[in-house]
Amino acid sequence: MTDYFNEMFDGGKVRPPYNGLDGWTREMPAEFRAMKQAEAEALFRRIGITFAVYGEGGDPDRLIPFDMFPRVFTQMEWRKLERGIKQRARALNAFLLDVYGRGEIVRAGRIPARLVYQNDAYERAVSGFVPPRGIYSHIVGIDLVRTGPDQFYVLEDNCRTPSGVSYMLENREIMMRMFPNLFRENRIEPVDGYADALRRTMASVAPAKCDAEPTIAILTPGHFNSAYYEHSFLADLMGVELVEGADLFVEGGFCWMRTTEGPKKLDVIYRRIDDAFLDPLCFRPDSMLGVPGLMDVYRSGGVTICSAPGAGVADDKAIYTYVPEMVRFYLGEEPLLENVPTWQCAKKDDCKYVLEHLPELVIKEVHGSGGYGMLVGPKSTKEQIEAFRHKIIDDPDNYIAQPTLALSTTPTFVEEGVAPRHVDLRPYCLVGDKIELVPGGLTRVALTEGSLVVNSSQGGGVKDTWVLAE
Amino acid sequence: MILTVDHVTKYAYDVPMGAAVQSLRLFPSRFEGQREIEWLVTIENGIRGGSFRDGAGDKVEGWSVRPPVDEVVVTVRGKIETFDTSGVLRGHRELVHPMAYLRETSATWVDDGLAKLAEEVTQGLSEPLQKAHRLSAAIGEAIAYTPDVTDAHTTAAEALAQGQGVCQDHAHALIAAARSIDLPARYVSGYLLASEDGAPHEAAHAWAEIWVQGIGWIGFDAANSCCPDERYIRLGSGLDAREAAPIRGVAQGGGEERLDVTVALGQVQQ
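The name recorded for chain B in an unreviewed UniProt entry is Transglutaminase, from Thioclava dalianensis.

The name given to chain A in an unreviewed UniProt entry is Circularly permuted ATP-grasp type 2 domain-containing protein, and the organism recorded there is Thioclava dalianensis.

K.L.:
How do you make sense of the overall build of chain A when you look at a structure like this?
P.N.:
On a plain count of helices and strands, chain A comes out with 14 helices and 23 strands. Computed over its C-alpha atoms, the radius of gyration of chain A comes to 22 Å, within 12% of the 23 Å expected for a compact globule of 470 residues. The C-alpha extent of chain A, read off along each of the three principal axes, is 65 × 55 × 40 Å. Evaluated residue by residue, chain A yields a buried proportion of 60% over its 470 residues. Partitioning the intrachain contacts of chain A with sequence separation of at least 6 by distance along the chain shows that 69% fall at a separation of at least 24. Counting only carbon and sulfur atoms, one obtains 51% of the accessible surface of chain A, whose full area is about 19,000 Å². Averaging the positions of the 52 positive and the 67 negative side-chain charges in chain A gives two centres separated by 3 Å.

K.L.:
In this structure, what is going on with the packing of aromatic side chains? I would like to understand it.
P.N.:
Each aromatic ring pair is summarised here by two numbers: the centre-to-centre distance and the angle between the ring planes. Residue and element names in this part refer to chain A. A full pass over the atoms with the stated rule returns 21 aromatic pairs over all chains. On the numbers, 5.1 Å between centres and 55 degrees between planes, the contact of phenylalanine 44 with phenylalanine 66 is tilted. With phenylalanine 44 in helix H2 (residues 30-47) and phenylalanine 66 in strand E3 (residues 66-73), the pair connects residues that are 22 residues apart, well separated along the chain. Phenylalanine 44 sits in the buried class, given a relative accessible area of 3%. Judged by relative accessible area, phenylalanine 66 falls into the buried class, the value being 7%. Here tyrosine 194 and tyrosine 428 contribute two aromatic rings whose centre-to-centre distance is 6.3 Å and whose plane-to-plane angle is 65 degrees, an arrangement assigned as edge-to-face. Of this pair, tyrosine 194 sits in helix H8 (residues 194-204) while tyrosine 428 sits in strand E20 (residues 428-431), and the two are 234 residues apart along the sequence.

K.L.:
Looking at this structure, I do not really get the pattern of salt bridges. What am I missing?
P.N.:
Note on pairing: side chains with opposite charge can pair once their charged atoms come close. Residues and elements named next belong to chain A. Overall, the coordinates contain 42 salt bridges over all chains when judged by the stated rule. The shortest N-O distance in the salt bridge between arginine 328 and glutamate 325 comes to 3.3 Å. One end of the pair, arginine 328, and the other, glutamate 325, are both in helix H12 (residues 323-331), three residues apart, so they sit about a helical turn from each other. Arginine 328 sits in the partly exposed class, given a relative accessible area of 32%. One salt bridge in this structure joins glutamate 356 and lysine 352, with 3.7 Å as the shortest N-O distance. In this pair, glutamate 356 and lysine 352 are both assigned in helix H13 (residues 348-356), four residues apart and thus about one turn of the helix distant. Each member of the pair, glutamate 356 as well as lysine 352, is classed as exposed.

K.L.:
Is there a simple way to explain the sheet that holds strand E1 (residues 2-17) of chain B in this structure?
P.N.:
Strands pair in a sheet through their backbones, by hydrogen bonds, and they do so in one of two ways: parallel or antiparallel. All names here are of chain B. Here we have four strands laid out as an open sheet, ordered E3-E6-E1-E14, and antiparallel in their pairing. Two strands in the sheet have a free side with no partner beyond their single neighbour: strand E3 (34-43) and strand E14 (257-268). For this sheet, the mean angle separating the axes of adjacent strands, direction not counted, is 10 degrees. Here nine bridges tie E3 to strand E6 (residues 69-82), and the two strands are oriented antiparallel to one another. Bridging from a neighbouring strand, leucine 40 pairs with arginine 77 of E6.

K.L.:
Is there a simple way to think about the domain arrangement of chain B in this case?
P.N.:
For an interface, size is often stated in terms of accessible area lost upon the parts coming together. All names here are of chain B. Domain assignment breaks chain B into domain 1 (2-82 + 247-268) and domain 2 (98-244). Measuring from the centre of the C-alpha atoms in domain 1 to the corresponding centre in domain 2 gives 24 Å. Contact residues are listed per partner, giving 21 residues for domain 1 and 17 residues for domain 2. When residues of domain 1 are sorted by the area they lose upon contact with domain 2, Arg25, Arg248 and Leu265 head the list and together hold 31% of the total.

K.L.:
Could you clarify how one ought to interpret the interface of chain B and chain A in this entry?
P.N.:
At the interface, 32 residues of chain B touch 28 residues of chain A. Taken as a group, B:Phe52, B:Leu95 and B:Arg103 account for 25% of the area that chain B buries against chain A, more than any other trio of residues on that side. Along the contact surface separating chain B from chain A lie two salt bridges. Between A:Arg124 and B:Glu243 there is a salt bridge, with the nearest N and O atoms lying 2.4 Å from each other. Run the count over chain B and chain A and you get 10 residue pairs in polar contact (both at pLDDT 80 or more). Taken together, the elements giving at least two residues each to the side of chain B that touches chain A come down to strand E2 (20-24), strand E4 (47-53), strand E5 (59-65), helix H5 (241-244) and strand E13 (247-251) of chain B. If you tally residues by element for the side of chain B that touches chain A, the top one is E4(B), at six residues. A class-by-class count of the residues in the side of chain B that touches chain A yields 13 nonpolar, 11 polar and eight charged.

K.L.:
I keep staring at unusual backbone geometry and nothing clicks. Help me out?
P.N.:
Here the residue pair A:Cys306 and A:Ser307 is connected by a cis peptide bond, since its omega of -15 degrees sits within 30 degrees of zero. Here the residue pair B:Pro67 and B:Pro68 is connected by a cis peptide bond, since its omega of -5 degrees sits within 30 degrees of zero. By secondary structure assignment, the location of B:Pro68 is in the loop between E5 and E6. For B:Asp148, which is not glycine, the phi dihedral falls at a positive 70 degrees. Position of B:Asp148 relative to the elements: it lies in the loop between strand E7 (144-145) and helix H3 (156-162). The residue B:Asp182 is not glycine, and still its phi comes out positive at about 70 degrees. Under the relative-accessibility criterion, B:Asp182 is labelled exposed at 59%.

K.L.:
Looking at this structure, I do not really get the packing of H13(A) against helix H14 (residues 382-394) of chain A. What am I missing?
P.N.:
If you want to describe how two helices pack, look at the angle between their axes and the distance between the axes. All names here are of chain A. Closest axis-to-axis distance for the H13/H14 pair is 11 Å, and the angle between their directions is 170 degrees. Here H13 is positioned roughly antiparallel relative to H14, judged by the angle of their axes. Facing Cys351, Val354 and Leu355 of H13, the residues of H14 in contact are Arg389, Ile392 and Ile393. Of the residues in the contact of H13 with H14, the class split is five nonpolar, no polar and one charged.

K.L.:
Could you clarify how one ought to interpret the pairing of E2(B) in this entry?
P.N.:
Each regular strand shows side chains that alternate between the opposite faces of the sheet. Residue and element names in this part refer to chain B. Extensive coverage of E2 is indicated by the burial of five of its five residues. In E2, alternate side chains face the same way, and those of Ala20, Gln22 and Leu24 on one face and Val21 and Ser23 on the other are all buried. Sheet topology note: the E2/E5 ladder contains five bridges and is antiparallel. If you follow leucine 24 over to E5, its bridge partner there is glutamate 61. Across five bridges, E2 lies against E13 in antiparallel orientation. Counted as the bridge partner of glutamine 22 is glycine 249 from E13.

K.L.:
In this structure, what is going on with the sheet that holds strand E12 (residues 304-306) of chain A? I would like to understand it.
P.N.:
Residues and elements named next belong to chain A. Taken together, the four strands give an open sheet; going across it, the order is E7-E6-E11-E12, and neighbouring strands pair in parallel fashion. Edge positions in the sheet fall to strand E7 (241-243) and E12, since each has one partner strand and no second. Recorded for the sheet is a direction-independent mean angle of 30 degrees between the axes of neighbouring strands. This element, helix H9 (residues 228-238), spans strand E6 (216-219), E7 and strand E11 (268-271) of the sheet and lies at about 150 degrees to E7.

K.L.:
Help me understand the domain arrangement of chain A, please; the structure alone is not making it clear to me.
P.N.:
Residue and element names in this part refer to chain A. Domain annotation for chain A reports domain 1 (9-337 + 406-467) and domain 2 (341-403). Counting from both sides, the interface comprises 16 residues of domain 1 and, opposite them, 18 residues of domain 2. Interface area for domain 1 against domain 2, summed over the two sides, is near 1,400 Å², with a carbon-plus-sulfur share of 51%. Taken together, domain 1 and domain 2 are joined by three residue pairs in polar contact (both at pLDDT 80 or more). Put simply, the parts of the chain that give the side of domain 1 that touches domain 2 at least two residues each are strand E5 (151-158) and helix H11 (317-320). Its residues assigned to classes, the side of domain 1 that touches domain 2 comprises seven nonpolar, six polar and three charged.

Quick notes on the rules
Residues numbered from 1 in each chain as written. Chains lettered and ligands numbered in written order. Predicted model: local features only at pLDDT ≥ 70, side-chain atom pairs only at ≥ 80, totals over all residues. Heavy atoms only, no water. Helix = DSSP H or I, 4+ residues; strand = E, 2+ residues; numbered from the N terminus. Rg over C-alpha atoms; globule rule 2.2 N^0.38 Å. Buried < 20%, exposed > 50% of the residue type's maximum accessible area, 1.4 Å probe, protein only. Contact = heavy atoms within 4.5 Å. Areas by Shrake-Rupley, 256 points an atom, 1.4 Å probe, with all protein chains shown as cover. Lys, Arg positive; Asp, Glu negative; His and termini not counted. Charge placed at Lys NZ, Arg CZ, Asp CG, Glu CD. Phe/Tyr/Trp six-rings, centres within 6.5 Å; stacked < 30°, edge-to-face > 60°. Salt bridge = Lys/Arg side-chain N within 4 Å of Asp/Glu carboxyl O. Pairing = 2+ DSSP bridges. Axes fitted to C-alpha atoms, helices over the stretch in contact; angles between N-to-C directions. Domains from an automatic or database assignment. Buried area = accessible area lost by both parts, 1.4 Å probe. Polar contact = N/O pair within 3.5 Å; in protein donor to acceptor, adjacent residues only side chain to side chain. Nonpolar A, V, L, I, M, F, W, Y, C, P; charged D, E, K, R; others polar. Parallel < 35°, antiparallel > 145°, perpendicular 65-115°, else oblique.

Structure (structure tokens):
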């Protein structure tokens, strides 16, 4: 039986971050809890936040279960995490600038050329282009798991357009509305500065040709997209326009937004559409979502695109293995956050080990996401394991393997009361003229007893995440 | 050799269209094989957008035409001095790692036929340069120059299976074959001065470049079984014809498009 780190209880003792919550739950009558749970659900329905997180697909109108039991970090725990996350965000951006430039890290033999330049996410079209302030990934979502009091691991990096931040904001909003007392009794760092910080970050990377207050817009694929709610929510909070490709056009080296008062020059685009669909003249010619000619305007310095096209080369699962190396190479520092040890089936020795230890390991597709196409060895049947064995033998390059991590648990409201459930964490790091991290993030929780898969498509829920003030 | 170019591309629409946007790669590459004397690219009633030189060293310029658009006329008039560099792209400034040119595209997808040809003709050879020459010759033999049997969407594999095609097909097949034996290769678009012996080819031309470690990028024109010399003008490159296209554009609306291209290349007698 694996020993899982419980974030609230150390044996029979309550760990300090949770002192303020111990009484709260013990004194809460069952009927009151049920009432509050129903209230929370009604609130989420009313505001319409029903989209799937992380592009997992599934029923777009399905509500992701919200667990009212907050997940708590002390200021000290958070500061340590914050330093590690910022360090990683800096290294990832340095890597992107480098591989679209001279590729020093490849020349130095610290990362194989093949992994970078033959990567599907490497956009030859932007090589040689230096985006404003040299930043490619302006919002870095870093997925973390915890296995002990001081032990955190990075599961994956998200350098393109990490979603789910609207949950972070809404979870807090709803908790504050339902349990105002909790927020009086505990000193909790606010997260509502996120939208302003995001806006400042975007404004700070306006192109050199922009000589006035920059105009910012969020580019969405449209209302049929599963994250449309988040796009419009953020546009609202930031006070910027929400636009679709058809609302924009290029002329004279700039990108323009159609408005009732005539065309308005756009300086920064926070795009929530994939590279492939941004501009049919540069990428997929059949794209109807993008803006023809946008990439020419971008590359000639007329508009900034966040995240920069091509940023995806830093966050696939094969490159992930080398992020600690990036930290050492570009920053000359030791990585503060650890990677999960990873075997790459593309390597012969690794593959051999993986095939011999399938029942203990977690196997993932290199480009997979959302908990699909994944094998959790200890939780799988013999047949499932054998099926995966064949998949790996057929296409080893497509798979990596990691040990089954003993994900920490936090108390979670369940049918029979309160019980430990496994969680992960996605904080959102903003990179512009400075690097900022709102104290908190999105905690996902595996609601099924014993489950280690927190993805909402696999029965996961979300929680409010607290960072206590000193 | 001093060459003149007069190249007019006309897109005519049967109904007035919304705005037209174009991305042009119609500017001569800068390397030891060519020296630009004068070069003018314009679009009638068009608005010039931003321009830049990309990581592959190509100059790209955006243009737009305000609606209603009946036709888009792109004109290139230029004069350029060219030199024979035996196909070697010497002195060309670029940043893209050669390995980025090992990636397949749908047009250069390698089937068994291409893989087999590449393997067979390069068997026993160890020098990449020899392999590249051998491949180029083999593709030239395998695909006979025949206009109008293939179209813009014909893939390398289809052209080889058919045994017929034009310069685009030769270039695609050579690129695909080279990549299949791990030689980085790319598509190049440009112009070619008609030779006096009347060998068949088009003035708007395309060929392949293959990366040879120690030398760099070398052009191979499988269609004319040679390496580019002073009769060639190089414009731009890409993974395949679509990426290297001198003109990429769209016009909004449902109108039917008619394309009319005239290219005249001349040699200035010195």
